[in-house]
Amino acid sequence: MRNEVRASHILVKTREEAENLLQEIKDGKDFGEIAKTVSMCPSGRDGGDLGFFRRGVMVKPFEDAAFELKEMGDVSNPVETQFGWHLIKLTGIIDA
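Residues numbered from 1 in each chain as written. Predicted model: local features only at pLDDT ≥ 70, side-chain atom pairs only at ≥ 80, totals over all residues. Heavy atoms only, no water.

Where do I start with the overall build of the chain in this structure?
What the chain contains, in helices and strands, is 3 helices and 4 strands. Order of helices (α) and strands (β) in the chain, N terminus to C terminus: β-α-α-β-α-β-β. Dimensions of the chain, computed from C-alpha atoms along their principal axes, come out at roughly 35 × 30 × 20 Å. Here the contacts in the chain between residues at least 6 apart in sequence split such that 59% fall between residues at least 24 apart. Here the chain carries 13 positive and 17 negative side-chain charges, and the mean point of each set is 3 Å from the other. (Helix = DSSP H or I, 4+ residues; strand = E, 2+ residues; numbered from the N terminus. Contact = heavy atoms within 4.5 Å. Lys, Arg positive; Asp, Glu negative; His and termini not counted. Charge placed at Lys NZ, Arg CZ, Asp CG, Glu CD.)

Listed below in structure tokens is the structure:
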């Protein structure tokens with residue numbers, strides 16, 4: 001069972017913007033560099049890194065998407081929360 005994950009994210013205002021950025025990432029653009037330049041979250045300056053977290057720490061839609069990612073480096077489809085639209089990249093896993 002997955003106990004904790006480490007994730008980075010990019011936070012933007014619209015789904016369209018998130019979808020466009022996801023395509024740029026799929027085309028080879030660096031996730032961390034995009035986070036530094038466009039993310040509305042203060043973590044953007046660190047490439048979007050949020051560190052490790054357990055279930056119950058993040059808002060539910062974000063948490064669910066982060067814990068559903070399978071492989072290191074996987075990036076989610078756009079996820080909506082009350083803060084805006086997120087792209088989430090799995091960067092670490094701690095299994096129980």
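Help me understand the sheet that holds strand β3 (residues 79–81), please; the structure alone is not making it clear to me.
Sheets are built from strands paired through backbone hydrogen bonds, the pairs being either parallel or antiparallel. Spatially, 4 strands are ordered β2-β1-β4-β3 in an open sheet, and the strand pairing comes out antiparallel. This sheet does not close on itself; its edge strands, each paired only once, are β2 (49–54) and β3. Across the sheet, the axes of successive neighbouring strands diverge by a mean angle of 45°, strand direction being ignored. Sheet analysis places β3 next to strand β4 (residues 84–95), joined by 3 bridges and oriented antiparallel. Along β4, the bridge assignment pairs Glu80 with Trp85. Of the strands in this sheet, β1 (2–12) and β4 are in contact with helix α2 (residues 31–38), which crosses β1 at around 50°. (Pairing = 2+ DSSP bridges. Axes fitted to C-alpha atoms, helices over the stretch in contact; angles between N-to-C directions.)

Could you clarify how one ought to interpret the pattern of salt bridges in this entry?
It is possible for side chains of opposite charge to pair when their charged atoms get near one another. In this structure the tally under the stated criterion is 8 salt bridges. The closest approach of N and O atoms between Lys29 and Glu24, which form a salt bridge, is 3.3 Å. Judged by relative accessible area, Lys29 falls into the partly exposed class, the value being 47%. Note that Asp64 is salt-bridged to Arg55, the shortest N-O span being 3.7 Å. (Salt bridge = Lys/Arg side-chain N within 4 Å of Asp/Glu carboxyl O. Buried < 20%, exposed > 50% of the residue type's maximum accessible area, 1.4 Å probe, protein only.)

How should the environment of Ile93 be read in this particular structure?
Mapped onto the elements, Ile93 comes out in strand β4. Classification of Ile93 by relative accessible area gives partly exposed; the value is 30%. For the pair formed by Ile93 and Glu4, sequence separation is 89 residues and the distance between their alpha carbons is 6.0 Å.

I tried to follow the environment of Arg15 on my own but got confused; where do I start?
Within the element layout of this structure, Arg15 appears in helix α1 (residues 15–26). Owing to a relative accessible area of 40%, Arg15 belongs among the partly exposed residues under this scheme. Spatially, the C-alpha atoms of Arg15 and Val57 are 24 Å apart, while their sequence positions differ by 42 residues.

Explain the pairing of β4 to me, please; I cannot follow it from the model alone.
On a regular strand, each side chain points to the face opposite its neighbour's, so the side chains alternate between the two faces of the sheet. The pairing of β1 with β4 spans 10 bridges and is classified as antiparallel. Residue pairing in the sheet places His9 in a bridge with Ile88 of β4. The turn joining β3 and β4, which pair antiparallel and follow one another in sequence, is formed by 2 residues.

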